[in-house]
Amino acid sequence: MPNITLQIQNMTCGGCVGRVEAALAKMPSVQDAHVNLATKTASITTTDIAGTTEGLAAAGYPAQETTTELTINGMHCGSCVGRIEQALLASPYVVGAKVNLAAETAQVRHVGEVDLIGIVRDAGYTAEIATDDLHMEEKADETAQILRQVIIAAILAVPVFILEMGGHLIPAFHMAIERSIGLQTSWIIQFVLTTAVLAGPGRVFARLGWPALLRGAPDMNSLVALGTTAAWLYSTVATFAPGLLPENSRAVYFEAAAVIVVLILLGRWMEARAKGRAGAAISALAGLQPRTARVEVDGKVEERDIARIVTGDLVHVRPGERIAVDGIVTSGNSHVDESMITGEPMPVDKSDGDAVTGGTVNGNGALVVRAQAVGRDTVLAGIMRMVSDAQAARLPIEAMVNRITLWFVPVVMGIAALTVVVWLLFGPSLAHALVAGVAVLIIACPCAMGLATPVSIMVGTGRAAELGVLFRQGDALQTLREVEVVAFDKTGTLTQGRPELTDCETADGWTREEVLGLVASVEAGSEHPLARAILRAADPLAKAEAFQALTGLGAQATVAGKTVLVGADRLMAQQGIALGWAEAKGAEIAQAGRTPLYAAIDGVLVAALGIADPVKETARATVEGLRKDGLRVALLTGDNPVTGQAVAAQLGIEEVHAGLMPDDKVAVLRDMNARVAFVGDGINDAPALAVADVGIALGSGTDIAMESADVVLMSGDPRGVRDALHLSEQTLRNIRQNLGWAFGYNALLIPVAAGVFYPLAGVLLSPALAAGAMALSSVFVVTNALRLRRVGGVR
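What you see is a predicted model, and the numbers here were worked out from it, not measured in a lab.

### Quick look at the packing of aromatic side chains
Here's step 1: Tallied over the full model, the rule gives 5 aromatic pairs.
Here's step 2: Residues Trp741 and Phe780 carry aromatic rings whose centres are separated by 4.4 Å and whose planes lie at 35° to one another, so their mutual orientation is tilted. Separated by 39 residues along the polypeptide, Trp741 in helix 28 (residues 720-754) and Phe780 in helix 30 (residues 767-786) bring together distant segments of the chain.

### Notes on the sheet that holds strand 27 (residues 676-680)
Here's step 1: Pairing is mixed in the open sheet, where 7 strands are placed in the order 17-29-28-27-18-25-26. Strand pairing shows two members of the sheet lacking a second neighbour, strand 17 (469-471) and strand 26 (655-657), which therefore form its edges. Taking the axes of each pair of neighbouring strands and ignoring which way they run, one obtains an average angle of 20° across the sheet.
Here's step 2: Where strand 28 (residues 694-698) lies against strand 29 (residues 711-713), 3 bridges are found, and the strand directions are parallel. By the bridge assignment, Ile696 is partnered in strand 29 with Val711.

### Some details on the pairing of strand 16 (residues 367-373)
Here's step 1: When you tally the buried positions in strand 16, you get 5 out of 7 residues, the bulk of the element.
Here's step 2: In this sheet, strand 16 lies alongside strand 10 (residues 314-317) in antiparallel orientation, the contact comprising 4 bridges. Residue pairing in the sheet places Val315 in a bridge with Val369 of strand 16.

### Considerations on a nonpolar patch on the surface
Here's step 1: A cluster of nonpolar residues, Leu418, Val421, Val422, Leu425 and Phe426, forms a patch on the protein surface that exposes about 540 Å² of accessible area.
Here's step 2: Take Val422: it is sitting in helix 14 (residues 396-426).

### Side note on helix 2 (residues 49-58)
Here's step 1: Listed as buried for helix 2 are Ile49, Ala50, Thr52, Thr53 and Leu56. An end-on view of helix 2 places all buried positions within 165° of arc, on one side of the element. Facing away from the buried side of helix 2 by more than 90 degrees, the exposed set consists of Glu54 and Ala58.

### Some words on unusual backbone geometry
Generally, phi is negative for residues other than glycine and the peptide bonds are trans, each holding for most cases.
Here's step 1: For Asp602, which is not a glycine, the phi torsion comes out positive at approximately 50°.
Here's step 2: For Asp602, the position within the fold is in the loop between strand 23 (595-601) and strand 24 (604-612).
Here's step 3: Residue classification places Asp602 among the partly exposed positions, given a relative accessible area of 46%.
Here's step 4: One non-glycine residue, Asn673, adopts positive backbone phi at about 50°.
Here's step 5: Residue position: Asn673 is located in the loop between helix 25 (662-671) and strand 27.
Here's step 6: Classification of Asn673 by relative accessible area gives exposed; the value is 73%.

### Looking at the UniProt feature "transmembrane region" (unreviewed entry) in the protein
Here's step 1: Sites flagged by UniProt as "transmembrane region" (unreviewed entry) map to residues 146-167, 187-210, 222-245, 251-269, 404-426, 432-453, 739-758 and 764-786.
Here's step 2: The span residues 739-758 carries 85% helix and 0% strand; its end-to-end C-alpha distance comes to 28 Å.

### Quick notes on the sheet that holds strand 15 (residues 361-362)
Here's step 1: As summarised here, the arrangement of the 3 strands in space is 13-12-15, forming an open sheet in which the pairing is antiparallel. Sheet topology places strand 13 (348-350) and strand 15 at the edges, where each strand pairs with a single neighbour.

### Describing the environment of Ala538
Here's step 1: Along the chain, Ala538 falls in the loop between helix 20 (529-537) and strand 20 (545-550).
Here's step 2: A C-alpha to C-alpha distance of 8.7 Å links Ala538 and Val519, two positions 19 residues apart in sequence.
Here's step 3: Excluding residues that lie within four positions of it along the chain, Ala538 makes contacts with Leu516 and Ala520.

### A short note on the side chain of Thr228
Here's step 1: With respect to the helices, strands and loops of the structure, Thr228 is situated in helix 9 (residues 220-240).
Here's step 2: There is a polar contact of 3.4 Å between the side chain of Thr228 and the backbone oxygen of Ala225.

### Digging into the pattern of salt bridges
Here's step 1: Scanning the entire structure with this criterion turns up 19 salt bridges.
Here's step 2: With a shortest N-O distance of 3.5 Å, Asp313 and Arg304 are connected by a salt bridge.
Here's step 3: According to the relative accessible area criterion, Asp313 is buried, its value standing at 13%.
Here's step 4: Overall, Arg304 belongs to the buried group, its relative accessible area being 12%.
Here's step 5: Put simply, Asp489 and Lys665 hold a salt bridge, and the shortest N to O gap is 3.1 Å.

### Focus: the environment of Ala371
Here's step 1: With respect to the helices and strands, Ala371 occurs in strand 16.
Here's step 2: Each C-alpha atom of the pair Ala371 and Ile309 lies 8.1 Å from the other, and the pair is 62 residues apart in sequence.
Here's step 3: When neighbours within four sequence positions are excluded, Ala371 is seen to be in contact with Ile309, Val310, Thr311, Gly312, Asp313, Val325, Asp326 and Gly327.

Cut-offs used in this document
- Residues numbered from 1 in each chain as written.
- Predicted model: local features only at pLDDT ≥ 70, side-chain atom pairs only at ≥ 80, totals over all residues.
- Heavy atoms only, no water.
- Phe/Tyr/Trp six-rings, centres within 6.5 Å; stacked < 30°, edge-to-face > 60°.
- Helix = DSSP H or I, 4+ residues; strand = E, 2+ residues; numbered from the N terminus.
- Pairing = 2+ DSSP bridges.
- Axes fitted to C-alpha atoms, helices over the stretch in contact; angles between N-to-C directions.
- Buried < 20%, exposed > 50% of the residue type's maximum accessible area, 1.4 Å probe, protein only.
- Patch = residues over 30% accessible without salt bridge, like charges linked within 9 Å, V, L, I, M, F, W, Y side chains within 5 Å.
- Areas by Shrake-Rupley, 256 points an atom, 1.4 Å probe, with all protein chains shown as cover.
- Salt bridge = Lys/Arg side-chain N within 4 Å of Asp/Glu carboxyl O.
- Arc of directions from axis to C-beta.
- UniProt positions renumbered as here; feature names shortened; annotations may be inferred.
- Contact = heavy atoms within 4.5 Å.
- Polar contact = N/O pair within 3.5 Å; in protein donor to acceptor, adjacent residues only side chain to side chain.

Structural data, given as structure tokens:
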């Protein structure tokens, strides 16, 4: 039972120590624990580190946890994934590990310092700490290296194939070989060339496969190494010591060993190319980040590497350049193409005080930007992390696949051995038994099974990012497919989130311009959103004096010698001002779902105002589309029932829950008794986003809301909800197709390779054809996943 030391957070006093010790004492997996306040550590003897850390977090004293991403080399099939995860999780310091075959990465959650690279190395693979640039360069180098191996192997294998198979296919060619160089010389030439193939380009299979087999953890390389070595050894004996074999079994299969290496390497090259395209979304995002920027230093502008820019630097952006950092414009006017963030094609005007985002494209004006976020803190870097995390996600369906592939190779080796034994007992020759056994080994590679899910996730989440849908949690892809109800917040989600003046009816003797000028003068001193709406509709008439904000009621000030009062009907009642003619107008405004306000000058009511938060242009189409898709749509709002019902009527939503506090929204979602996706954008939406089966936050909202969500819609357009659902459906369908092919391929072709049709039709699958079928199965899976790159948004 391992003893580990955890760094404990939130411990500040002796009472904290007691609470941590009490929490640990309640855990059945913890046998011994010593908590130290001075070092803020806990020395624990436990059988379940993951459960222990979860218990500490629940007690309010989480262990310091780190997530490290590794780039893994040497993985070739789903069984490799399972073995690396098992090795990592065997460390007492590792809390969780997710290995992705398609991306060739591992995300490891651990406490304390642990030699992750050493653990992976001991499992038979190599690893290093991942960096985006390094990983992309390595993938390109790996693809080029495999292509060189394919070419060399093909040059060596083609003569072997012609010498052996040419004689089988064309009797005259066989006779020509016997009359010229002789059959024995032909076999010796094949031996030399095939040995060169196995010792050169094919050495990778022996180098990785035999050690894995000796460790009792065979993988795809073990199958290939075993099959090619068996074919080569048998053929070598037939060539140089034919007396050791029965006369009817003296044949060579050098061409099978050579061609198998060529075809499998060719499949790996095609697979590496396709996987590179699958990760194109990350590459494209990385390409949006400029490498250098022009920075003002002591009044002079100099070119500086992006890594050297710090917060507060003044960055000069020329027309047509990409903006290097997130920041605030300090001088200049231009328009900026923000489509990579928002998905909206129209450029946005930028001038002094406006925020700009790194990676966006400046228009035809020059800007000076003060850096506010650089490096890993920029919006673009955050998007890249979200996409990367989503691509590395493990769907529930994948866990089952990995469990199967972990045991698949040993089972296949058992089937191959059984096949050889059966054909030795009942077959025509030893050669026949060898061919069947080798064919089973070669055709049953679990590559396609291991790639079926992760490569679809990579492409699907990458395509989603291009459409402005960021999956912060990759498993939301599968959960979204099961959603039955889509519940929307109102303000800022279905509405603009910015109130506008909609009504202004004045008393006799007063003009709209005069009243709004006085009211705007009062509201110029207020930060209330309703005050901002009035200021957008009118300019102040004069400077207000003696301004007084009346909490929950309105505001009061003196403007041009007049006492101006503006606020709700409660304020008028408090001040003894009769609404009179304006009462009916106020009721009409409220009935329409807008907010009624009243203005009084020198104690006399002069106007009834209406303010509303306009519904977004695409909101109704989104609701109609969701209902057409068979989903139930609900509106959850903190606004009053009248306003909530009015907005719902505009949008065609029948289910309305109004007057809700944040906790009330959580309760409503839990009472729905269905799979629910909640869509929101505000701080008050964070609890509901967290508790929903899938939380969808609008990118135009708050950071807290986005941190609580599973999916982020960067454009702030509610239509993105349907895009997310559509991408989920398409990705899950693609995964099902891949899994169906991968499992169906093995279920059908392993028996064929074993020779079940030979007694009926005389059909026996050659090892070379088995290698070709195996390589094509992986290529099919990856190519099918790449079709997701063509999935469009729902409009």
